[in-house]
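In case you want the letters, here they are:
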Amino acid sequence: MDARLPALRARRAVATLAFAVLVGACTSTPAATPLPSATPLPSTAPTAVPSTAPTAPPTPAPTASPAAAVFPVTLTDDEGTAVTIAAQPTKIVSLMPAATETLFALGVGDQVVGKAQDIFLYPPQASAVPDFEKFDNGAVAVDVEKIVAAKADLVIAGGNYGTPADTIKKIRDLGIPVLVIYAPNVNGVLSDVNLIGKAVGKAAEAQAISARMQGAFAAVEAAVQNGAKPKVYYEIGEGYAPADDSFTAEMITDAGGTPVTSGSTTDWSLSAEKLLKANPDIILLADGSAVADATKRPGWTTMTAVKSNAVAVIDDTTISRPGPRLFAGLELLAAAIHPDVTIPQASPVPAVP
Amino acid sequence: MTSGVATAGGTGARPWLAARGRDRRFWLVLGGILVALAGAVLGVAFGSVSVPFGDTVTIVVDKLLGTHLSTADAATQAIVWDLRVPRVLLAMTVGAGLAVAGATFQGLLRNPLADPYVLGTASGAALGAAIGLLIPLHFFVFGFGLSNLLAFVGAVVSITVVYRLARVTGLAPLTGLLLTGYAVASLLAAGLTMAMYLSGAALRQIFNYLLGSFEQASWERFAGALPIVLIASIIIATRARSLNGLLLGEQAAAHLGVNVERERPLLLGLASLVTAAAVTVSGLIGFVGLVVPHIVRLLTGPNARAVIPISALWGAVLLVYADLIARVVGDIPVGVVTAIIGAPFFLILLRRARTGYEL
């Protein structure tokens, strides 16, 4: 906690609020806790944790007690479905690598019993969690039997076809609550951290993390906002660029660049002709292409980026994964777009097992 | 685009079908050349970025004659000269090659369903390309990456294996070749499925290869494919007499003075080489090699002397227009376009064919 406090200072109003929440939760002074659940706390606490109530000391454990008071909770997920979670989840399955990161950052990593296969595994502690979902021949294959066998009490799934819709229905039909997460933009990532936090009884921690992320975003944006806005081609694959208004396009804009987009909100392909015409100032290869190979493609020598040696390889995972490390992706992107500007580096969100 | 193909192909004009073969051949050649030239002009003039026609002309003239008429910026010049011109030329080369290879395989194997991929070439090339994409080794030799080189190797190796295996079966030569080809292709397809299963992030690239595309066209690729396709096609065309003889059966061919033992492997090898060159530069483009030779045969009769060169011409025409449509509409695989514009046309011809059509 101490390491986080300096980073929280001098943030905007949201950060300050979250700071108050965090301090309130950690110091467990009931009067200072602005949690909305403060009022029903006395009435529900005995019924929610009947077994621990007699043995519990007069001053209850800091985080467990307010969290327990929250349940049962009904949350609206990113697909608009009302999801009711009866009690604080203890066996969580994450079908999204980004959600796995969020859960570990929230400190409930030890309650994650199954996860989606993650080839860019993060955090390292998650390697102990078995894969319940594999990327199988171009399709996502979720092992529902394993979810049932693990007695999961909360499943976090990916929206926008991240997890197949029929799989989500199947799990719900089995009586297991499924929270579907899909962030169409950066704000969506922040609200998803909070949504997952509420679902696992870690609302205050989630507020703190999203505030840290927001603060880090604001710091990067402030550093680059007055500079030039070079045209950036972010290569997702050869012939593929971010779609208009897409998450990646927003990240490039936030990092102080002007994204070269596909010209469509749904189609991500960008023909070589359109790319040459767009004449980007900076080319970031996020698809594993090597700079030496890419610059040999037909006509590329005419582009400003190639002429000025502004072609670089960049790590796509931190930039495009909608999880708690997203600000690090923005910092990476901003540093690549503005090599002459000192980009503020926020300390990473620690993964608590 | 479709009207250009239809008019010159002669569907609309019944008298053409009734006309004598030699006249029809004349019109098919003349019409094919004109339509191909028009296709080349359209292919260079249109794309996903609009370039004024005057700029297109001056850029091409500048590059060909070394003049400095064009005032267009470097990007526009690169779009026209480094992207579109090699793309059009490559589409024509591949179209011509696939049609010649298809006509040769159909004649050699006396099988109307034979296409350039019939003896496992496609599966071998696809498996090679997939393996090339899975190996994290990036290098380019003369514009060709590892996957291209392995595709070529895969195609050549698979046809060699099929031919060798077929020779040791006790079956009649043609049956043995077709069945061996089918068996080897199935085995390779299983390997491809496994490679795709294991591919993860490279899956899209493998899939793109299977669909075929000219998106990667470049002068280097054109320069790599052209000599193989051109030389092999010319040799095949000069062997038209052998092809005609083999069409009648081995014994008849031998009686006509065709050295069957020498000519068959030679023609098979040449057609396979053309196919391998085509799949290396453009991926697997279906339909052209199967249907163009049939269309030509329906219109001119089965004489290989006419079928081979006219198929080459119309194969080039079909692909140059199909690629143009794929580019202008955006993000459609060229193989889908060839089927959409070629299949109805083929069906119309089949309906109108009066006499029994045979190879």
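Please read all numbers here as calculations on a predicted model, not as lab measurements.

Colleague: What's the story with the overall build of chain A in this structure? I'm lost.
Modeller: Scanning chain A for helices and strands turns up 16 helices and 12 strands. Across chain A, contacts joining residues at least 24 apart in sequence account for 59% of those joining residues at least 6 apart. Summed over all atoms, the accessible surface of chain A reaches about 15,700 Å², with 60% contributed by carbon and sulfur.

Colleague: Help me understand the interface of chain B and chain A in this model?
Modeller: The accessible area lost on association of the parts is a frequent measure of interface size. With 27 residues of chain B at the contact, the number on the chain A side is 21 residues. Across the chain B/chain A interface, buried area totals approximately 2,000 Å², and carbon plus sulfur atoms make up 57% of it. Linking chain B with chain A are two salt bridges. Linking chain B with chain A are five residue pairs in polar contact (both at pLDDT 80 or more), by the criterion used here. Listed by contribution, the elements that provide at least two residues to the side of chain B that touches chain A are helix 5 (74-109), helix 8 (173-197) and helix 9 (203-211) of chain B. Ranked by residue count, the leading element in the side of chain B that touches chain A is helix 5 of chain B, at eight residues. The residue inventory of the side of chain B that touches chain A, partitioned by class, reads 12 nonpolar, eight polar and seven charged.

Colleague: Explain the packing of helix 11 (residues 247-254) of chain A against helix 16 (residues 326-337) of chain A to me, please; I cannot follow it from the model alone.
Modeller: The relative placement of two packed helices comes down to the angle between their axes together with the axis-to-axis distance. All names here are of chain A. As a packed pair, helix 11 and helix 16 sit with axes 9 Å apart at the nearest point and diverge in direction by 60°. On the basis of the axis angle, helix 11 is oblique to helix 16. For helix 11 against helix 16, the interelement crossing comes out right-handed. Facing helix 11, whose interface residues are F247, M251, I252 and D254, helix 16 presents L326, G329, L330, L333 and I337.

Colleague: Help me understand the environment of P298 of chain A, please; the structure alone is not making it clear to me.
Modeller: Mapped onto the elements of the fold, P298 of chain A is located in the loop between helix 13 (291-294) and helix 14 (304-307). Taking the C-alpha atoms as reference points, P298 of chain A and L276 of chain A, separated by 22 residues in sequence, lie 9.7 Å from one another. If we skip the residues at most four places from it in the chain, P298 of chain A touches L276 of chain A together with D82, L83, A217 and S218 of chain B.

Colleague: I would appreciate a short explanation of the sheet that holds strand 12 (residues 311-313) of chain A in the present structure.
Modeller: Residue and element names in this part refer to chain A. Within the open sheet, the four strands sit side by side as 10-9-11-12. Their pairing is parallel. In the strand order of this sheet, the two ends are held by strand 10 (258-259) and strand 12, each with one partner. The pairing of strand 9 (residues 231-235) with strand 10 spans two bridges and is classified as parallel. Bridging across to strand 10, V232 finds its partner in P259. Contacts from helix 16 reach strand 9 and strand 11 (282-285) within the one sheet, and its direction differs from that of strand 11 by about 140°.

Colleague: I tried to follow empty space enclosed by the protein on my own but got confused; where do I start?
Modeller: Where empty space is left can be seen by rolling a probe of water-molecule size over the atoms. Residues and elements named next belong to chain B. Inspection of the entire model under this criterion finds six cavities of 30 Å³ or more. Here the second largest cavity is characterised by a volume of approximately 70 Å³. If you go around the second largest cavity, the residues you meet are A103, G107, L243, L247, R297, P302, A304, V307 and I308. When contributions to the lining of the second largest cavity are tallied by element, the ones reaching two or more residues are helix 5, helix 11 (240-247) and helix 15 (304-329). The leading source of residues in the lining of the second largest cavity is helix 15, at three residues. Here the residues of the lining of the second largest cavity are counted per class, giving seven nonpolar, one polar and one charged.

What counts as what
- Residues numbered from 1 in each chain as written.
- Chains lettered and ligands numbered in written order.
- Predicted model: local features only at pLDDT ≥ 70, side-chain atom pairs only at ≥ 80, totals over all residues.
- Heavy atoms only, no water.
- Helix = DSSP H or I, 4+ residues; strand = E, 2+ residues; numbered from the N terminus.
- Contact = heavy atoms within 4.5 Å.
- Areas by Shrake-Rupley, 256 points an atom, 1.4 Å probe, with all protein chains shown as cover.
- Buried area = accessible area lost by both parts, 1.4 Å probe.
- Salt bridge = Lys/Arg side-chain N within 4 Å of Asp/Glu carboxyl O.
- Polar contact = N/O pair within 3.5 Å; in protein donor to acceptor, adjacent residues only side chain to side chain.
- Nonpolar A, V, L, I, M, F, W, Y, C, P; charged D, E, K, R; others polar.
- Axes fitted to C-alpha atoms, helices over the stretch in contact; angles between N-to-C directions.
- Parallel < 35°, antiparallel > 145°, perpendicular 65-115°, else oblique.
- Left-handed = near helix turned anticlockwise from the far one by under 90°.
- Pairing = 2+ DSSP bridges.
- 1 Å grid on protein atoms, 1.4 Å probe; cavity = no way out; pocket = protein on both sides within 12 Å on 5 of 7 lines; lining within 4 Å.
- Points joined across faces, edges and corners; volume = space filled by probe spheres on them.

In short, shape yes, function no, at least from these values alone.
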